[in-house]
Each structure stands twice: as structure tokens, then as C-alpha cells.
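Topology and contacts: notes
Residues per chain, in single letters:
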Amino acid sequence: MGRPVAIIGVGQTKHGNRSEITYPDLVREGVQATFEDAGVGPDDVDGVVFGTMPSMMEGVALTHFYFADALQAVGKPILKSETCGSTGMSLALTGYYWVASGMADMVLVVGSEKMHEGDSQATMTTVAEPFYLRYFISGAPGVFSLQSKLWVDRYGLSEELVRDAAAKISVDHHNDAFDNPFAHIKKKLTMDDVKNSKVVVYPSRLWDICPNSDGACGVIFASEEKAKKICQNPAWVKGVGYSGEEYWFDDSDKVVWKSAIDAAKQAYEMAGITNPIEELDVAEIYNPFTYVELLHYECFGFCDFGKASDLTLKGTFARGGKLPCDPSGGVLCTNPIGASGLIRVAEAAMQVTGKAGDHQIEGAKLGFAHAMGGVSQFNGVMILGSQL
């Protein structure tokens, strides 16, 4: 398990269409915000971990070298990771293990994306297996809409019930985003607005789906000794988990989703959590689609399989509910893909240290952060606490 590790600083850019700024300066903005929050400088970190979506999304190869100056990484060890949507969690776990292993005492972790400079959906259509799947799974909406249908059919769920639950998630999160100064899409919606919006890939409609966002996020991981010297209230890493499945979409059960279940179980075991719905105070779930958020509630043990829709409509997972999920608005409202998973870690850290501002969950002491990626085959979890 290694030595204790804490997050001592986080930083985000304002996310959205950042066409007014160059990509290196966008990264620099996120890095500077992170150092300012931590109260340390570039000379204090031993190395840098950086990642984006796979490089074809950027149109730039070896982005960690391209951004080395913006990352304040010149002359330091630098690692790059890219695992599609789960990139941000892959980065966080890399930084965590680098410090937990004793190889470094303080590491800067940064994820970024400037989606308005490329064609993200053209790139995403290439991720599926090219000979069979690519013809009918057109990018992420196709993959996760198919998964949603599998889930509804498996448990014989009422499509109207699930549609209402998905619409409530969309309404709640787009409203939550108004209290998040970094969020991209802030929109007052009604249930009817969501349910009557344009079908993209059935059953997913326009307001069920995340946007294209530009943005960057940074997190600084530090050893126990460093953290206690520098930070009065760090966010301690209590548990981590990461799991993967087959690349071929049809070779694994995407309803009783093993990689999601296993990643959560690993993190729960390390953190000593046996009843997540009772023990967790807040969760930042990677939710690029409303239906996938519902399925994740079940895979993470927040409720029994087939019950997420009922509990969602009762307000269990809304702000003010038993386990508030994505009070930041989540990926549904802000999605610079290479940073999106790391934003979940940053937001959970802000919650357990009481720094989440207007979207703070009162009394949050134990937070759950998650990211999912690949062609839905990767899931990663990090649990953060206010106490060592």
C-alpha cells in the first residue's frame, strides 16, 4: 500500500470554449492555479505527470514535450498517460503511486483538452474495433446508448421511469453548475425540456449528453511529511482502485459492469468502507451520459441493481439527498476529456477540505472520485478523506 499520500493543492481553468487563449497558455493557467492553491512553486515538485485524450484528438504528438514549459516541467522527470475518458484518473493514480512508492515526495499532475481546436467526434468514431463494431457504434454516444438499452432490458425497467430519472439528473446537474465557477454549461431546464430534446442516439437526447469543453486541471500529491509541513488541511488518499476489461465491446457484461464494480471494491477495501451509501458523504462520478450515471450508482453499491431510477426520483443522489453525486455538475456540464477524470479528483478534494464554495456539501469528510474510459473498458476510483 505504500506510505500515506495527500493532495495539498488543486487548480482548474474556467472551462468552456476558450478560443481566446492558446493551448499552451490554457495549460499554464491551470498549472499556475494549482501552485497558487498549494502555496508551493515549480522547484518544490520532483516530477510531473501529464495527459490528454489520445494524441490524435489534439493533432499534436508528444504533447507532454510540447507543453513542457507551460507545465513547469523542464529539467524534471515527466510521465504521460492517455486512456481516453479515464485519462484523468490514470494520471491521478500515477501521481499517487509515484509518491506512495517513495520515488518522489511531491508530484504535479495535470490533465488538459482543447476540444474546440479539433474534431472530437471524428476522433471518437475511430476508437471502436474497425471491422465489425465501428459500423454501428459511432463514437461515445453509440457505445453508451447501447449500454443503456442493455441495462433497461436486463432488469425489465420501465422506459418511462428511466427516462424520468435521466431527465431529473440532467435538470439537477445543469442547475448545480450555476454554483460552480469553473463549469462550462449552465442551463435552467425542466424535465420536459430534457425529455423532448433532440434524439442523438436513442435513448440519449441532447441534454443527456456532455459538451465539448476546453480546459485544464492540476493536482499536487505530497508525502505525509511534506503535506503536514505545507498544508493545514490536506485531502488524504484513503483508497484507490483501477480495473480494465476486454477492448471488444461484446466480450464483457456492460450491465453488471465488472471493471466498475472491481475498481470500487478495490478502493473500498483499501479505505475500509463496507457500506458506501452510509459512509460516503459525496461522490463525483464520471457522468458524460445521464443513463451511465444511473448504472454507475448500481455498480458502485450505492443501491441494488435495477433500483437507481427509483432512488434518483426520490432525490437520494441530489444535493440535499443521502449521497449527493456530482454537485459540481459533473462531466455532463464540463468535459475537457483529458482533464475530466482529474477534475473529479480535484472536486472531491475540495469537498473534503471544505473549499468547494457555493457547491460545498456541508460536513463532507469522505469523498468518492471516479473516471471511466477506453471503449467503456476502464474504470478507476479514488477515495479521499479529511483525516489521515
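Residues numbered from 1 in each chain as written. Predicted model: local features only at pLDDT ≥ 70, side-chain atom pairs only at ≥ 80, totals over all residues. Heavy atoms only, no water.

1. What about the overall build of the protein chain?
The cut-off we apply is this: Counting from the N terminus, the helices are the DSSP runs of H or I reaching at least four residues and the strands are the DSSP runs of E reaching at least two. Atoms counted for the radius of gyration: C-alpha only. Globule rule: 2.2 Å times residue count to the power 0.38. Each residue's exposure class comes from its accessible area (1.4 Å probe, protein chains only) as a fraction of the maximum for that residue type: buried when under 20%, exposed when over 50%, partly exposed otherwise. Here a residue-residue contact requires only that any non-hydrogen atoms of the pair lie within 4.5 Å. Calculation of accessible area relied on Shrake-Rupley with a 1.4 Å probe; when residues are assessed, cover is drawn exclusively from the protein chains displayed. His is not counted, nor are the chain ends; Lys and Arg add positive charge and Asp and Glu add negative charge. A charge is said to be at NZ when it belongs to Lys, at CZ for Arg, at CG for Asp and at CD for Glu.
Assigned secondary structure in the protein chain consists of 13 helices and 11 strands. The C-alpha atoms of the protein chain give a radius of gyration of 19 Å, which matches the 21 Å a tight globule of 388 residues would have. When the backbone C-alpha atoms are referred to their principal axes, the protein chain occupies close to 55 × 45 × 40 Å. For the protein chain, the residues scored as buried account for 62% of the 388 residues in total. Considering only contacts within the protein chain whose residues lie at least 6 apart along the sequence, 77% involve residues at least 24 apart. When the accessible surface of the protein chain is summed, it comes to about 14,400 Å², and 52% of that surface belongs to carbon and sulfur atoms. Of the side-chain charges in the protein chain, 32 are positive and 48 negative, and the distance between the mean point of each set is 2 Å.

2. Some points on unusual backbone geometry
Residue Tyr202 is joined to Pro203 through a cis peptide bond whose omega torsion reads 5 degrees. Mapped onto the fold, Pro203 is located in the loop between strand E5 (199–201) and strand E6 (204–205). Despite not being glycine, Gln72 shows a phi value in the positive range, around 60 degrees. Inspection of the secondary structure assignment puts Gln72 in the loop between helix H2 (63–66) and strand E3 (78–80). A relative accessible area of 33% places Gln72 in the partly exposed class. Of note in the backbone geometry, Cys84 takes a positive phi value of approximately 60 degrees without being a glycine. Along the polypeptide, Cys84 turns up in the loop between E3 and helix H3 (87–100).

3. A look at the side chain of Asn335
Here is the rule: We define a polar contact as two N or O atoms separated by no more than 3.5 Å, with the added condition that, inside protein, one atom must be a possible hydrogen donor and the other a possible acceptor, whereas residues neighbouring each other in sequence contribute only through side-chain atom pairs.
Inspection of the secondary structure assignment puts Asn335 in the loop between helix H12 (308–313) and helix H13 (337–352). Given the relative accessible area of 5%, Asn335 is considered buried. Engagement of the side chain of Asn335 in a polar contact is seen with the backbone oxygen of Pro211, the distance being 3.4 Å. For Asn335, the residues in contact, after removing those within four places along its chain, are Met115, Cys210, Pro211, Asn212, Ser213, Tyr286 and Ser340.

4. Re the sheet that holds strand E9 (residues 282–284)
So the rule is basically this: One bridge is not enough; two strands pair if DSSP finds at least two bridges between them. Every axis in this analysis is a line fitted to C-alpha atoms, fitted for helices over the stretch in contact. Angles between the N-to-C directions lie between 0 and 180 degrees.
With respect to topology, nine strands assemble into an open sheet ordered E3-E2-E4-E7-E1-E8-E11-E10-E9, the strand pairing being mixed. Only two strands of the sheet have a single neighbouring strand rather than two, namely E3 and E9. If you compare each strand with its neighbour and ignore which way they point, the axes differ by 25 degrees on average. With two bridges joining them, strand E1 (residues 5–12) and strand E8 (residues 235–244) adopt antiparallel strand pairing. From the neighbouring strand, Ala6 faces E8, where its bridge partner is Trp236.

5. Some words on the environment of Leu71
Along the polypeptide, Leu71 turns up in the loop between H2 and E3. Judged by its relative accessible area of 0%, Leu71 is buried. With residues near it in sequence (within four places) discarded, Leu71 still touches Val27, Val31, Val48, Phe50, His64, Ile78, Leu108 and Val110.

6. Re helix H11 (residues 290–299)
Turn by turn, an α-helix covers 3.6 residues, leaving residues three or four places apart pointing in a common direction. Burial of H11 is extensive: 10 of the 10 residues sit out of reach of the surface. Within the sequence span of H11, burial applies to Thr290, Tyr291, Val292, Glu293, Leu294, Leu295, His296, Tyr297, Glu298 and Cys299. At the C-terminal side of H11, Gly301 shows a positive phi close to 75 degrees.

7. A word on the packing of aromatic side chains
Quick note on the threshold: When the centres of two rings from Phe, Tyr and Trp lie within 6.5 Å, Trp using its six-membered ring, the rings pair. Their planes under 30 degrees apart give stacked, over 60 give edge-to-face, and anything left gives tilted.
The tally for this structure, following the rule as stated, stands at 14 aromatic pairs. With 6.2 Å between their ring centres and 35 degrees between their planes, Tyr242 and Phe378 make a pair best called tilted. On the criterion of sequence distance, the pair formed by Tyr242 in strand E8 and Phe378 in strand E11 (residues 378–385) is long-range, its members being 136 residues apart. Of the residues examined, Tyr242 reaches a relative accessible area of 27% and is grouped as partly exposed. Judged by its relative accessible area of 23%, Phe378 falls in the partly exposed class.

8. Considering the pairing of E8
With seven of its 10 residues buried, E8 lies for the most part within the structure. For E8 and E11, the ladder comprises eight bridges, and the chain directions are antiparallel. Bridging from a neighbouring strand, Val240 pairs with Met382 of E11.

9. Brief notes about H3
Under the convention used in this document: One less than the number of residues in a helix, times 1.5 Å, gives the span that helix is expected to have.
Along its 14 residues, H3 runs 20 Å from first to last C-alpha, staying within 8% of the 20 Å computed at 1.5 Å per residue. Counting buried positions along H3 gives 12 out of 14 residues, so the element sits mostly inside the fold. Turning to H3, its buried residues number three or more, namely Thr87, Gly88, Met89, Ser90, Leu91, Ala92, Leu93, Gly95, Tyr96, Trp98, Val99 and Ala100. Positive phi appears at Gly102, one or two residues downstream of H3, with a value of about 90 degrees.

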